[in-house]
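# Overview (structure and organization)
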Amino acid sequence: MELLKQISQSLQDGDDEKVASLTKDALTAGMTARQILDESLIAGMTIIGNKFKAHEIFLPDVLLSARTMYAGLELLKPHFLKDDIPSRGKVVIGTVQGDLHDIGKNLVGIMLKGAGYEVIDLGNDVPPAKFVDTAVSQGAAIIGTSALLTTTMPMMAQVAGILKERGLTGKIKLIIGGAPVSDAFAREIGADAYGFDAVKAVEIVDRFLAGR
Amino acid sequence: MMKKEILKIAAADLVPTGDSILAAQGALPSGKMRADINTAVDDARKLFVELAEPKAIMTEIGAAEFDLIYRGTGRNSQPALLDFILPQASHLALIAATVGQKVTQRIGELFESGDFLLGAMLDAAASGGADEASRMLERLFQDRLTAEKRIGPMDEVFCYSPGYCGWHISAQRQLFAYLQPGVIGLSLRDSFLMEPVKSISGVLVAGSADIHQFDDTFPFCTECRTRSCRARMGRTQKRQ
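Everything quoted here is computed from the prediction, not taken from an experiment.

Looking now at the sheet that holds strand E3 (residues 142–146) of chain A. Residues and elements named next belong to chain A. Taken in spatial order, the five strands make up an open sheet running E2-E1-E3-E4-E5, and their pairing is parallel. Where the open sheet ends on each side, the last strands, each with one partner, are strand E2 (118–121) and strand E5 (193–195). Recorded for the sheet is a direction-independent mean angle of 25° between the axes of neighbouring strands. With four bridges joining them, strand E1 (residues 90–95) and E2 adopt parallel strand pairing. By the bridge assignment, Val-92 is partnered in E2 with Ile-120.

Written as structure tokens, this is what we have:
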């Protein structure tokens, strides 16, 4: 247990060498990859996410910890494959068509990966149909769309419209986020949720996928 | 009148300061950063200089010709900021500039490999570099017009871009058709965004410094996330 706490603390400190070394030690000690992921890496990233949400740390601190998390995650990956451990779920994310702003979207992707989800990041300027097509072809249960510009918000409504047209509303959950959008806008366009920030987005994904 | 010209710019002349890269990440300039973060900022600045291939294209344009570009497909806000500024402008030039594709590609690779920190810093450096290219072209146009005695010492040149201040982004189509920035490797997506993404385009407007001063109380200002006009107007006031 102490080892797992040390990994979590080293992740929060942004010390990737220590995280890698301690992760190896934990595997050697017989801990499972899932246990290490859940109780050290995800636990550490959750603390980092909450500190960021509380404005105790800056975005670069989150990015540093995320890089550190990867150092541990890379060592766990072979074990997930070997033991056939599935990811916690797939999430398709992207910044909507006409919008290049992707800092928020990237942060959501980082936090979701840190929480153990498989993230399919379509990048920016993503056409509405591509979100849905990718979710269907990849078997993702959640689409996360981001926009910073008010002019590109209607693209989110188009994603909701395509889901409805194809009878996928509710089957594939649509989460929206970004500075100009709101809970009210989410309800207006028929999205399933509004993620105020990256931490909230992870909480919503947790909730949506918990019942599956 | 200045003809269309292609300009090669040294990447080192565009590289943003470490503080501005951190500020783009929401960090306070005075805030103490961990050593790894400062190293990433330094690495991003070095990578930018190594990978960026900045190029620009610029041409002077008459008011009537520009009006067709500005009107675009008739989707500008009513009123838009330039509606007030253009009638008072003395000289105009169309510009486009890019820091190139290599830097964008590297940003993607860094995110893919899990190095979010360096990826985000390089992303901020590239955005800052593209913005600096715009400011460099403003200075170039101003210096030339001054040297040719076409503007006076109290005049200022500022860049305005489609997609901002009520000028609809769809006008990019007309701007690209006139300027033909394909020669510097720039193309336009269906969404009117530029490829490579770390690029800028717009019109340089020369005129008395006070024409660039305005109250940021237009309906579109409430939706603006950058409010970069305030810093620009501050620049003008300082010069005065």
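A few words now on the pairing of strand E4 (residues 173–177) of chain A. All names here are of chain A. Counting buried residues along E4, four of its five residues qualify, which places the element largely inside the surrounding structure. Examined bridge by bridge, E3 and E4 share five bridges and lie parallel to one another. Counted as the bridge partner of Ile-142 is Lys-173 from E4. As paired elements, E4 and E5 share three bridges and run parallel to each other.

Turning our eyes to something else, we now look at the nonpolar core. Core analysis: the largest hydrophobic core is formed by 96 residues, its most contacted members being Leu41(A), Leu112(A), Phe48(B), Met121(B), Phe141(B) and Leu204(B). Examining the composition of this core, we find that 14 residues originate from one element, helix H6 (residues 116–147) of chain B, more than from any other. Here this core spans two domains, and each of domain 1 (2–83) and domain 2 (90–209) of chain A adds at least three residues to it. Dropping the residues within four chain positions of it, Leu204(B) is found in contact with Met58(B), His91(B), Leu92(B), Ala93(B), Ile95(B), Leu137(B), Glu138(B), Phe141(B), Val157(B), Phe158(B) and Cys159(B).

Take the sheet that holds strand E3 (residues 91–98) of chain B next. Strand-to-strand pairing in sheets goes through backbone hydrogen bonds, with the strands running parallel or antiparallel. Residue and element names in this part refer to chain B. Read from one edge to the other, the open sheet built from five strands follows the order E1-E2-E3-E7-E4, with strand pairing classed as antiparallel. What marks the edges here is a single partner per strand, and that holds for strand E1 (5–8) and strand E4 (155–160). Averaged over all pairs of adjacent strands, the angle between their axes in this sheet comes to 25°, without regard to strand direction. Pairing between E1 and strand E2 (residues 55–61): four bridges, direction antiparallel.

Counted by the stated rule, this structure contains two cavities of 30 Å³ or more. Roughly 80 Å³ of volume is contained in the largest cavity. If you go around the largest cavity, the residues you meet are Leu59(A), Leu63(A), Asp102(A), Ile103(A), Asn106(A), Leu107(A), Ile110(A), Gln25(B), Phe111(B), Ala120(B) and Asp123(B). The set of elements that each furnish at least two residues to the lining of the largest cavity consists of helix H4 (59–82) and helix H5 (103–114) of chain A together with H6 of chain B. Per-element tally for the lining of the largest cavity: the top contributor is H5(A), with four residues. Residues of the lining of the largest cavity, tallied by class, amount to seven nonpolar, two polar and two charged. Its boundaries defined by the atoms lining it, the second largest cavity holds a volume of some 30 Å³. A breakdown of the residues in the lining of the second largest cavity according to their chemical character gives four nonpolar, two polar and one charged.

Residue and element names in this part refer to chain A. Domain assignment breaks chain A into domain 1 (2–83) and domain 2 (90–209). Averaged C-alpha coordinates put domain 1 and domain 2 at centres separated by 26 Å. With 13 residues of domain 1 in contact, the opposing surface of domain 2 contributes eleven residues. Roughly 980 Å² of surface becomes buried between domain 1 and domain 2 when both sides are summed, with 77% attributable to carbon and sulfur atoms. Considering only the side of domain 1, the residues that lose the most area to domain 2 are Ile-42, Lys-53 and Leu-59, jointly responsible for 36% of the buried surface there. The tally of links between domain 1 and domain 2 comes to one residue pair in polar contact (both at pLDDT 80 or more). Among the elements of the structure, helix H3 (33–53) and H4 are those that each provide at least two residues to the side of domain 1 that touches domain 2. Broken down by element, the residue count for the side of domain 1 that touches domain 2 peaks at seven residues, all from H3.

Moving on, we get to the pattern of salt bridges. All names here are of chain B. The final tally for this structure, using the stated rule, is 21 salt bridges over all chains. The closest approach of N and O atoms between Glu-5 and Arg-144, which form a salt bridge, is 2.1 Å. Taken as a pair, Glu-5 in strand E1 and Arg-144 in helix H6 lie far apart in primary sequence, 139 residues in all. A residue is classified by how much of its surface remains accessible, and Arg-144, at 25% relative accessible area, is partly exposed.

Before going further, it helps to spend a moment on the packing of aromatic side chains. Tallied over the entire structure, the rule returns eight aromatic pairs over all chains. Ring geometry for Phe66(B) against Tyr70(B): centres 6.1 Å apart, planes inclined by 20°, an arrangement best described as stacked. Residue Phe66(B) and its partner Tyr70(B) are both found in helix H3 (residues 63–71); the two are separated by four residues, about one turn of the helix. Among the residues examined, Phe66(B) registers a relative accessible area of 1% and is labelled buried. What makes Tyr70(B) buried here is its relative accessible area of 0%. Summarising the aromatic geometry, the rings of Phe218(B) and Phe220(B) are spaced 4.9 Å apart at their centres and angled 10° between planes, so their arrangement reads as stacked. Neither Phe218(B) nor Phe220(B) differs from the other in exposure class; each is buried. Members of the aromatic cluster, connected to one another through ring pairs, are Phe84(B), Phe214(B), Phe218(B) and Phe220(B). Sitting over the face of the ring of Phe208(A), Lys173(A) holds its NZ or CZ atom 5.0 Å from the ring centroid.

Thresholds, definitions, all that
- Counting restarts for each chain: residues are numbered from 1 in the order of the written sequence.
- Ligands are numbered from 1 and chains lettered from A, in the order in which they are written.
- Local features are withheld for residues below a pLDDT of 70 in this predicted model, meaning they are given only at 70 or higher, and side-chain atom pairs are given and counted only at 80 or more; totals for whole chains, interfaces and linings count all residues.
- To get the side-chain values, take all heavy atoms of the structure and skip hydrogens and water.
- Two strands are counted as paired when DSSP detects at least two bridges linking them.
- Secondary structure is summarised from DSSP: a helix means a run of H or I of at least four residues, a strand means a run of E of at least two, and numbering begins at the N terminus for each.
- Every angle, taken between N-to-C directions, lies between 0 and 180 degrees, and every axis is a line fitted to C-alpha atoms, over only the stretch in contact when it is a helix.
- Only protein chains enter the accessibility calculation, which uses a 1.4 Å probe; a residue is then buried when its area is under 20% of its type maximum, exposed when over 50%, and partly exposed in between.
- We define a nonpolar core as any set of buried Ala, Val, Leu, Ile, Met, Phe, Trp, Tyr and Cys residues linked to one another through side-chain atoms lying within 4.5 Å.
- What marks off one domain from the next here is an automatic or database domain assignment.
- Every residue pair with non-hydrogen atoms within 4.5 Å of one another is taken to be in contact.
- Here a cavity denotes a set of grid points, spaced 1 Å apart and computed over the protein atoms alone, in which a 1.4 Å probe fits but from which it cannot get out, and a pocket denotes an open set meeting protein on both sides within 12 Å along at least five of seven lines; residues with an atom within 4 Å of a point are reported as lining.
- Grid points are joined across faces, edges and corners, and a volume is the space filled by probe spheres set on the points.
- Under the scheme applied, nonpolar residues are Ala, Val, Leu, Ile, Met, Phe, Trp, Tyr, Cys and Pro; charged residues are Asp, Glu, Lys and Arg; polar residues are all the others, including Gly.
- When two parts are put together, the accessible area they lose, computed with a 1.4 Å probe and summed over both, is reported as buried area.
- Polar contacts, as used here, are pairs of N or O atoms within 3.5 Å; protein pairs need one atom able to donate a hydrogen and one able to accept it. Residues neighboring in sequence count only if both atoms are side-chain atoms.
- Each reported salt bridge corresponds to a side-chain nitrogen of Lys or Arg within 4 Å of a carboxyl oxygen of Asp or Glu.
- A pair of Phe, Tyr and Trp rings is counted when the ring centres sit within 6.5 Å of each other, with Trp represented by its six-membered ring. The angle between the planes then sorts it: under 30 degrees is stacked, over 60 is edge-to-face, the rest tilted.
- Criterion for a charge above a ring: Lys NZ or Arg CZ within 6 Å of the ring centre, and within 35 degrees of the ring normal.

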